[in-house]
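Understanding the architecture of this molecule
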Amino acid sequence: MALFVLSLGLFIFSKMPAGLSAMLVVCLGILLGMPQDILYQSLEEHVIWLMIGAFIIGGVVETSGLLDRLIRWIEAKCTSGKRMNIFVFILVQILSLIIPSTSGRAAALLPVYQAFGNRFNSNRQYLGILMPVLILMGTNLSLIGAGSHIIGIGLLENQTDGSISYLQFLLWGFPFGIIIAIISLFMIKKFYMKPVEKISTENIIQYEKQPLTKKEKKAAVLISLTVILWITEPLHDFDIAFVTILMSLIMIMPKVDLIGWREAFNRVSWSLIFFVAGATALGNLLVKYKVLDVIQHQLYQVMHHVKLVNEFVPLVIIVVLTVTSHLYITSHTTRAVVFIPLLIVFGKMFGLNLTAVVFIALIGTNYCLTFPVSSKALLLFYENKERPFTIKQLMYLSLGIMPVYMLTMIVMYYVYWQYVGLALK
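Residues numbered from 1 in each chain as written. Predicted model: local features only at pLDDT ≥ 70, side-chain atom pairs only at ≥ 80, totals over all residues. Heavy atoms only, no water.

Here is the rule we go by: UniProt positions are given in the numbering used here, feature names are shortened, and annotations may be inferred rather than shown by experiment.
If you look the protein up in an unreviewed UniProt entry, it shows as Sodium-dependent dicarboxylate transporter SdcS from Staphylococcus simulans UMC-CNS-990. Note on the protein: under the UniProt heading Subcellular location (unreviewed entry), the record states "Membrane".

A short note on the nonpolar core
To be explicit about the condition: We define the nonpolar core as a collection of buried residues of types Ala, Val, Leu, Ile, Met, Phe, Trp, Tyr and Cys that are connected through side-chain atoms lying within 4.5 Å of one another. Classification of residues uses two cut-offs on accessible area relative to the type maximum, computed with a 1.4 Å probe and protein chains only: under 20% is buried, over 50% is exposed, and between them is partly exposed. Only DSSP runs of H or I reaching four residues or more are called helices, and only runs of E reaching two or more are called strands; each is numbered from the N terminus.
Grouped together as the largest cluster of nonpolar side chains are 143 residues, with contacts concentrated most on F116, I360 and W417. Here this core gets twelve residues from one element, more than from any other, and that element is helix 10 (residues 166–192).

As for the pattern of salt bridges
Applicable threshold: Should a side-chain nitrogen of Lys or Arg be within 4 Å of a carboxyl oxygen of Asp or Glu, the pair is scored as a salt bridge.
Throughout the structure, instances matching the rule amount to one salt bridge. A salt bridge links E263 to R267; the shortest N-O distance between them is 3.3 Å. Judged by relative accessible area, E263 falls into the partly exposed class, the value being 35%.

A word on a nonpolar patch on the surface
We apply this condition: Residues enter a patch when their relative accessible area is above 30% and they make no salt bridge; the linking distance is 9 Å between like charges and 5 Å between nonpolar side chains (Val, Leu, Ile, Met, Phe, Trp, Tyr). Each accessible area is a Shrake-Rupley result for a 1.4 Å probe, and residues are judged covered by the shown protein chains and nothing else.
There is a patch of nonpolar side chains on the surface, built from L6, L28, L31 and L32 and spanning about 410 Å² of accessible area. With respect to the secondary-structure elements, L31 resides in helix 2 (residues 18–31). In this structure L31 comes out as exposed when scored by relative accessible area, which is 73%.

A short note on helix 19 (residues 354–365)
Stated precisely, the cut-off is as follows: Given a helix with a known number of residues, its expected span is that number minus one, times 1.5 Å. Definition of a polar contact: a pair of N or O atoms within 3.5 Å, with one able to donate and the other able to accept a hydrogen when the atoms are protein atoms, and with sequence-neighbouring residues admitted only if both atoms are side-chain atoms.
For helix 19, with twelve residues, the first-to-last C-alpha span of 16 Å sits near the 16 Å given by 1.5 Å per residue. Buried within helix 19 we find L354, T355, A356, V357, V358, F359, I360, A361, L362, I363, G364 and T365. Structurally, the start of helix 19 carries an N-cap: the backbone nitrogen of T355 is 3.1 Å from a side-chain oxygen of N353.

Comments concerning the packing of helix 9 (residues 147–159) against helix 19
Put simply, the test is: To obtain each axis, a line is fitted to C-alpha atoms, and for helices this fit is confined to the stretch in contact; angles are then taken between N-to-C directions over 0 to 180 degrees. With respect to orientation, any angle under 35 degrees is reported as roughly parallel, any angle over 145 as roughly antiparallel, any angle of 65 to 115 as roughly perpendicular, and every other angle as oblique. We call a crossing left-handed when the near helix sits turned anticlockwise from the far one by less than a right angle, and right-handed when that turn is clockwise. In this analysis, two residues are considered to be in contact whenever any of their non-hydrogen atoms come within 4.5 Å of each other.
Close contact between helix 9 and helix 19 brings their axes to 10 Å; oriented N to C, the two are set at 160 degrees. By the angle class used here, helix 9 and helix 19 are roughly antiparallel. The hand of the helix 9/helix 19 crossing is right-handed. Touching S148, H149, G152, I153 and L156 of helix 9 are L354, T355, V358 and L362, all from helix 19.

Digging into the side chain of S398
Relative to the helices and strands, S398 resides in helix 21 (residues 391–415). Judged by its relative accessible area of 1%, S398 is buried. The contact partners of S398, leaving out residues within four places of it in the chain, are Y367, L369, T370 and P403.

Remarks on the environment of V60
Assignment of secondary structure puts V60 in helix 4 (residues 46–63). You can call V60 buried: its relative accessible area is 0%. Distance from V60 to A220, taken between C-alpha atoms, is 9.7 Å for residues 160 residues apart in sequence. Excluding residues that lie within four positions of it along the chain, V60 makes contacts with A219, I223, M251, L258 and I259.

Observations regarding the packing of aromatic side chains
Note the threshold: Aromatic pairs are defined between Phe, Tyr and Trp rings, using the six-membered ring for Trp, whenever the two ring centres lie within 6.5 Å; interplanar angles under 30 degrees are classed as stacked, those over 60 as edge-to-face, and all others as tilted.
Here the structure, examined in full by the defined rule, presents twelve aromatic pairs. Note on W172 and F359: the rings are 5.5 Å apart at their centroids and 75 degrees apart in plane angle, and the pair reads as edge-to-face. One end of the pair, W172, is in helix 10; the other, F359, is in helix 19, and 187 residues separate them in sequence. Across this residue pair, the class does not change: W172 and F359 are buried. An angle of 45 degrees between the planes, with centres 5.6 Å apart, marks the rings of F176 and W417 as tilted.

In structure tokens form, the structure reads like this:
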């Protein structure tokens, strides 16, 4: 328990990289007498290999030229405010399905922001707010949308018999992600979008439709095949992590010529990889040494008199706790490390469906809109030399979107989630 509290203190209050903090605490545990295997086994988790492969595939999207082609096509075809909104919205949803980190998607969208900013100069601020917000809402679409999903599902698998596959997350998260993104788009449009000036046809960059290059064709085929294999996991029974590593290795092969070995591994966020490894190891220690059993017993002593007549009360507790968690824990992945084990204990105590508890909690922790430090995607745009939005503007926007986000989660539970395997009771 002391190691876990120490790790949280380092994650939240120190400037030390999260990956370094996690691995140092694991090593400290070994020095204090815990088995050395906890360090080595932390890198054996399938979620580690899933993330490594996903980062490499995200790099292929850029190095193959597909991203540049998409940017040029949008710049040439987008000649009105309506088209601008539609193209930005669709592009973010596509990137959310194939690029595994919010910071990666933000980095990919910065050139798009510059292109649109030059085209629609009076709406630079609007675009600078809209893009990172849509990136954050897009984390809800798929299992690889955020590293916290992988951490949360890893904790679910280690502490219970449950799990969430890529297809299940897509089935449950995609509708919510699209709905909340549309709501966010209309709210931001109402607050910040200015009338779009008429664009002279002389200023429109003529887009010469050129056929896909050999490299782009190979990347498109392999990425499409990867997504198909993710979705059809129940049919071929190969783990999503194995599929991701296999396809990323194929893309690295010299004869395939999509990305070099050295460049591929430079694309991996090793700090995040080691953070996930260390955080997973610390979470496993809580189970191995029965810390969670002690916490569960203490909670039971305090709350045993509470009777949950229906699922509304735990649903509201989970939604409010996780959606507001970004206000006091800035790191997205740290929020998963802190709250998922506690909510699993909470779910066990009241006999809840633990898969539903973890999924709803992950959707809640995806909300991180109030401060720039709450998300790397926000920081990347906020630290742009043009600084498209202020902290005050972001806080006001969050005051409007946060309650809508909570309400949408509750409505989604009653009209959809409880009927597709996510009933809490």
